Amino acid sequence: MASTRNLKTYQSKRDFRESPEPRGSVSKTDGRLYVIQSHDASRHHYDFRLELDGVLLSWAIPKGPSLDPSDKRLAVRTEDHPVDYGGFEGVIPKGYGAGTVMLWDRGEWEAKDDPREALEKGELKFTLKGARLKGGWALVRMKGGKDGGKENWLLVKEKDDHADPETEPGERWTTSVKSRRKMKTIADEGQDLKKGKRYSPGGRAATKPKKSSSGQGGGSSGAKSKGKNAGTGNGGMALEFIEPQLATLVDDPPEGEEWLHEIKYDGYRIQAKIKDGEVRLISRNGKDWTDRYPDVAGALKKLKIDSAVMDGELVALDDRGHSNFSRLQQSQRKGDVSLRYYVFDLLHLDGKDIRKSPLTDRKAKLADVVPAKDQRVRYSDHIEGSGEATIEKACDMGMEGIVSKKADAPYKSGRGRGWLKSKCVGDDEFVIVGYRRSDKRGRPFSSLLLGAWDGDELVYRGRVGTGYDARDFDELGGKLDRLSRKTCPLADPPSEARRGAVWVTPKLVAQVAYTEMTGDGLLRHPSYKGLREDKAAREVRTGSPQPGDGENEMELENVRITSPDKVLFPEQGATKRRVAEYLHGNAERILTWLADRPLTFVRCPDGRDDECFFQQHHTASTPDEIGWVEIEESGGKTARHLVISDARGLVAAAQIAVLEFHLWGARKDRIDRPERIVFDLDPDEGLDFRDVRAAARELKDILEGVGLKSYPMLTGGKGIHVIVPIQRRRGWDDVKAFAAGLARRMAAADPDGYVAQASKAKRKGRIFIDWLRNERGATAIAPYSPRARAGAPVATPVGWEELARIDRANRYTLDNIGARLKRLKSDPWEGYGEERQSVTDELLAFVKAD
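Residues numbered from 1 in each chain as written. Predicted model: local features only at pLDDT ≥ 70, side-chain atom pairs only at ≥ 80, totals over all residues. Heavy atoms only, no water.

- For the protein chain, the name recorded in an unreviewed UniProt entry is DNA ligase (ATP), with Minwuia thermotolerans as its organism.
- According to its UniProt record, the protein chain has this under Cofactor (unreviewed entry): "Mn(2+)".
- What the UniProt record of the protein chain gives under Catalytic activity (unreviewed entry) is the line "ATP + (deoxyribonucleotide)n-3'-hydroxyl + 5'-phospho-(deoxyribonucleotide)m = (deoxyribonucleotide)n+m + AMP + diphosphate." (UniProt positions renumbered as here; feature names shortened; annotations may be inferred.)

Structure follows, in structure tokens:
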């Protein structure tokens with residue numbers, strides 16, 4: 001079929017003298033490139049692209065793709081893009097689409113039927129073979145089809161092994177598949193696209209795409225697999241590399257029976273893939289190291305399993321039986337030096353993905369798989385509970401430290417709080433940023449200058465002048481020469497670093513042992529242990545807490561928390577760290593109610609007992625992780641209102657001491673269409689909480705009588721919020737009129753019990769039914785938000801039956817909310833999101849009737 005595609009619309013919308021985007025042309029080859037680009041334009045969205053007839057068919061997905069088959073994501077058809085656009089990543093400075101573009105996913109796609117006929121019919125089913133998204137998907141055109149001249153489609157995940165209702169892809173994967181950079185780094189550094197080159201699904205630049213053996217073309221199936229797909233194309237090996245779960249560094253290990261504690265090994269993180277007698281050993285950055293360690297691969301081959309993916313650490317043992325990274329380095333030069341592969345997790349077994357099983361179940365299966373007497377492959381055992389005793393014993397034995405893991409947690413790729421590492425002495429990776437020349441013959445340097453990334457800045461961490469042997473000098477000398485540069489890569493280097501320095505491009509990573517880190521971040525008594533080939537320099541961040549470092553910082557979601565031990569709730573001694581960890585640990589639950597809605601913060605920089613203030617507008621000092629939406633205010637002026645969309649935004653809010661989150665009743669995409677009604681039952685001082693409970697129950701019955709289902713929430717103060725979810729059909733005036741009318745009818749029916757006016761004088765002995773939270777611009781406390789009150793209470797959704805057993809509105813606090821959430825067998829607001837009710841003309845007439 002001859003192509004009828006053209007790029008006139010695409011090219012007419014852009015000024016290529018200003019924009020680094022490729023001008024492009026219709027390709028003459030029939031490829032099957034698939035791309036998703038995260039686009040931080042005036043509104044953040046994801047651009048979904050499929051190659052067909054020499055162009056990239058394109059859809060804008062406001063919320064990004066979902067792995068939940070029941071979740072249908074809006075996809076707005078946009079103009080066709082050139083195939084060259086599939087490799088674009090960078091910053092569009094101004095004009096159409098201005099903003100930062102990240103290459104979020106890339107691979108191949110395959111239509112299940114004729115794609116042209118399917119597009120015409122409005123139902124395109126296909127399979128994705130991306131670095132992140134895989135399996136069956138469908139694009140379905142909506143009836144009516146067009147909004148403002150654009151076609152509206154729905155992107156839906158099919159039910160298969162790659163479906164995952166519990167994972168939000170946009171939150172799980174936040175870096176580029178091309179450059180491994182985050183959005184902010186791309187915004188700072190810009191694009192690196194070489195114009196005129198076409199980017200293949202494997203990430204290689206090629207002037208002509210190769211046809212695949214299947215005849216679909218556009219892929220790299222004829223090439224050897226590299227990087228993240230290492231080992232998938234050899235001898236039928238098909239188990240894919242899984243991004244490893246990473247531990248967060250903490251000062252002290254956690255306590256409690258829900259934690260398991262394992263020895264922290266000093267070696268290379270290795271993922272072992274076994275299938276049909278074949279073995280691949282893959283490093284943490286996706287490189288195939290099977291040929292480096294054939295004896296370990298041979299031992300894994302002997303395991304009596306059909307297929308498996310294991311996670312573990314490859315180590316070399318010293319004379320004391322301890323893992324020793326320097327010896328592991330020597331094994332490459334001298335051959336076997338007592339190598340061991342300690343396996344601590346099992347991700348796949350005999351064709352089944354078991355990552356969602358609790359850790360204890362996975363380890364039990366792993367113990368059955370690994371022979372107890374095997375000299376090469378060892379099961380990494382653990383101790384339950386007693387974290388403090390475990391770290392003390394590990395340190396007494398001269399170990400590096402321990403890793404503490406949630407016993408009942410699934411395996412989650414990336415860094416998080418499910419795994420926590422505690423160290424005995426400093427032993428970390430540092431970026432080599434330069435060196436000082438040596439005056440001794442045969443030595444290319446006297447010491448290496450070290451740095452680490454702190455946010456987007458490379459900061460100085462000191463120099464290391466001991467621990468080298470002759471082979472180290474030979475190996476490093478040539479590498480340093482090739483990387484030499486004139487400019488210093490460090491941000492604000494001290495004079496001690498600049499003196500006699502020869503600077504190098506920061507690409508090499510050194511493993512360095514040290515006794516402690518000083519208050520200004522410099523290493524004490526460092527000793528070189530070797531180069532790390534399994535870690536990229538951009539990954540090296542040592543700004544998080546170190547034993548004895550004296551720095552008062554921590555990091556969550558790559559967001560720096562300063563002064564984490566500052567007390568924000570004096571009665572409990574609850575610190576900024578505690579607030580940040582609560583928000584981070586419960587981000588998914590909190591964001592269900594808070595994400596993408598305009599917010600007002602209550603900030604208490606010096607704790608709740610000191611001065612607190614409200615903030616509703618985004619200012620120059622607001623952290624970058626917190627977004628905004630432009631809203632028209634009175635007088636026709638517009639202002640940027642605060643918005644949080646992900647876990648990083650919550651952590652950033654903790655950093656600026658936000659102790660309360662108050663939200664609008666509408667989302668940012670339709671700000672004039674509220675999606676809920678809030679009745680705040682606020683009792684007079686003399687009333688008991690039983691009176692508030694009874695009022696909430698009566699209000700529930702009245703609402704049910706007019707056909708509206710409601711949900712109760714403890715406010716964390718004195719009262720209860722009764723919340724009615726509604727469809728976004730009416731404007732603020734109608735919703736406010738209904739809420740006010742119903743409140744007034746209740747007050748008229750029982751004037752001794754209720755009042756519908758805000759007057760303090762009229763409230764005595766009564767419950768104020770506050771309906772004023774249903775106005776445009778008014779806010780209400782968000783579900784699961786802390787409160788800046790004595791006792792550190794948390795606004796908590798509850799069920800109606802449960803409410804009858806609760807004795808106060810501040811029942812749940814930062815101290816006990818975790819236990820409550822863990823105890824829940826179902827969501828107390830189950831069904832909230834499925835309600836299809838609204839404010840009708842009949843309801844408005846009802847509340848206005850005498």
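After presenting the structure, the write-up continues.
Some details on helix α5 (residues 294-301)
Every α-helical turn comprises 3.6 residues, leaving residues that sit three or four positions apart pointing alike.
Okay, step 1: Within the sequence span of α5, burial applies to V296, A297, A299 and L300. End-on view of α5: buried residues confined to an arc of 160°, all on one side of the axis. In α5, the exposed positions angled more than 90 degrees off the buried face are occupied by P294 and K301. (Buried < 20%, exposed > 50% of the residue type's maximum accessible area, 1.4 Å probe, protein only. Helix = DSSP H or I, 4+ residues; strand = E, 2+ residues; numbered from the N terminus. Arc of directions from axis to C-beta.)

Let's talk about the side chain of D47
Okay, step 1: Counting through the fold element by element, D47 comes out in strand β2 (residues 44-52).
Okay, step 2: Polar side-chain contacts of D47 include one of 3.2 Å to the side chain of H45.
Okay, step 3: For D47, the residues in contact, after removing those within four places along its chain, are V35, I36, Q37, H39, W59 and A60. (Polar contact = N/O pair within 3.5 Å; in protein donor to acceptor, adjacent residues only side chain to side chain. Contact = heavy atoms within 4.5 Å.)

Points about the packing of helix α11 (residues 576-585) against helix α13 (residues 647-655)
Okay, step 1: The interhelical angle for the contact between α11 and α13, taken along N-to-C directions, is 165°, at an axis separation of 9 Å. As the angle between them shows, α11 and α13 are arranged roughly antiparallel. Crossing hand, α11 versus α13: right-handed. Across the interface between the two elements, K576, V579, A580, L583 and H584 from α11 touch L650, V651, A654 and Q655 from α13.
Okay, step 2: For the contact of α11 with α13, a count of residues per class yields 6 nonpolar, 2 polar and 1 charged. (Axes fitted to C-alpha atoms, helices over the stretch in contact; angles between N-to-C directions. Parallel < 35°, antiparallel > 145°, perpendicular 65-115°, else oblique. Left-handed = near helix turned anticlockwise from the far one by under 90°. Nonpolar A, V, L, I, M, F, W, Y, C, P; charged D, E, K, R; others polar.)

Details of the sheet that holds strand β20 (residues 383-384)
Hydrogen bonds between backbone atoms are what pair the strands of a sheet, whose relative direction is either parallel or antiparallel.
Okay, step 1: Spatial ordering of the open sheet is given by β12-β22-β21-β13-β20, a layout of 5 strands whose pairing is mixed. Every interior strand has two partners, whereas the edge strands, β12 (245-249) and β20, have only one.
Okay, step 2: Examined bridge by bridge, β12 and strand β22 (residues 414-423) share 4 bridges and lie parallel to one another. For L246, the partnering residue across the bridge sits in β22 and is R415.
Okay, step 3: Together, β13 (259-263) and β21 (401-406) form the strand contacts of helix α7 (residues 359-369), whose direction differs from that of β13 by roughly 45°. (Pairing = 2+ DSSP bridges.)

Some thoughts on the environment of R808
Okay, step 1: In this fold, R808 is placed in the loop between α16 (800-803) and α17 (817-823).
Okay, step 2: Apart from residues no more than four positions distant in its own chain, R808 is found in contact with F689 and L714.
Okay, step 3: At a separation of 3.1 Å, a polar atom in the side chain of R808 contacts the side chain of D807.

Side note on the layout of surface pockets
Okay, step 1: Of the pockets and cavities examined, the second largest pocket occupies roughly 350 Å³.
Okay, step 2: Lining the second largest pocket we find 18 residues, and of these D680, D682, K718, R773 and R789 sit closest to its centre.
Okay, step 3: If one sorts the elements of the lining of the second largest pocket by residue count, strand β40 (residues 676-683) sits on top with 4 residues.
Okay, step 4: When its residues are assigned to classes, the lining of the second largest pocket shows 3 nonpolar, 5 polar and 10 charged. (1 Å grid on protein atoms, 1.4 Å probe; cavity = no way out; pocket = protein on both sides within 12 Å on 5 of 7 lines; lining within 4 Å. Points joined across faces, edges and corners; volume = space filled by probe spheres on them.)

Remarks on the sheet that holds strand β41 (residues 711-714)
Okay, step 1: Judged by pairing direction, the sheet is mixed, and its 6 strands sit side by side in the order β43-β44-β40-β42-β41-β46 without closing on themselves. Edge positions in the open sheet fall to β43 (754-755) and β46 (796-797), since each of these has one partner strand only.
Okay, step 2: Bridge analysis of β41 against β46 gives 2 bridges, and the strand direction is antiparallel. When the sheet's bridge partners are listed, L714 is paired in β46 with T796.
Okay, step 3: Against the sheet, helix α14 (residues 689-705) contacts β40, β41, β42 (720-725), β43 and β44 (767-770), and its axis sits at roughly 15° relative to β42.
Okay, step 4: Sheet contacts for helix α15 (residues 732-749): β40, β43 and β44; angle to β40, the most-contacted strand, approximately 35°.

Side note on the state of the cysteines
Okay, step 1: For the coordinates displayed, the defined rule picks out 1 disulfide.
Okay, step 2: Each sulfur of the disulfide joining C604 and C612 lies 2.1 Å from the other. In this structure, the disulfide formed by C604 and C612 twists by about 115° around the S-S bond and is classed as right-handed.
Okay, step 3: Its relative accessible area of 0% is what places C604 among the buried residues. (Disulfide = S-S within 2.5 Å.)

Structural notes on the packing of aromatic side chains
Okay, step 1: A full pass over the atoms with the stated rule returns 25 aromatic pairs.
Okay, step 2: When the centroid spacing of 6.1 Å and the interplanar angle of 75° are considered together, the rings of W104 and W173 count as edge-to-face. Highlighted residues: W104 in strand β6 (residues 99-111) and W173 in the loop between α3 (169-172) and α4 (183-189), separated in sequence by 69 residues. Here W104 and W173 have matching classes, each one buried.
Okay, step 3: Between F445 and Y468 the ring centres are 5.1 Å apart and the planes differ by 80°, which places this aromatic pair in the edge-to-face class. Of the two residues, F445 is situated in the loop between β23 (426-436) and β24 (447-454) and Y468 in the loop between β25 (457-464) and α9 (470-482); the sequence distance between them amounts to 23 residues.
Okay, step 4: In this structure, R589 packs its charged tip against the face of Y784, placed 5.7 Å from the ring centre.
Okay, step 5: Geometry around W800 places K700 over its ring, the cationic atom sitting 5.8 Å from the centre. (Phe/Tyr/Trp six-rings, centres within 6.5 Å; stacked < 30°, edge-to-face > 60°. Lys NZ or Arg CZ within 6 Å of the ring centre and 35° of its normal.)

Considerations on the nonpolar core
Okay, step 1: I644, F661, F679 and F738 are the most contacted members of the largest nonpolar core, which has 90 residues in total.
Okay, step 2: Considering each element in turn, this core owes the most residues, 8 residues, to α15.
Okay, step 3: F679 has contacts with L699, L703, I720, H721, V722, V724, F738, A739, L742, I769 and D770, leaving out every residue within four places of it along the chain. (Core = buried A, V, L, I, M, F, W, Y, C linked by side-chain atoms within 4.5 Å.)

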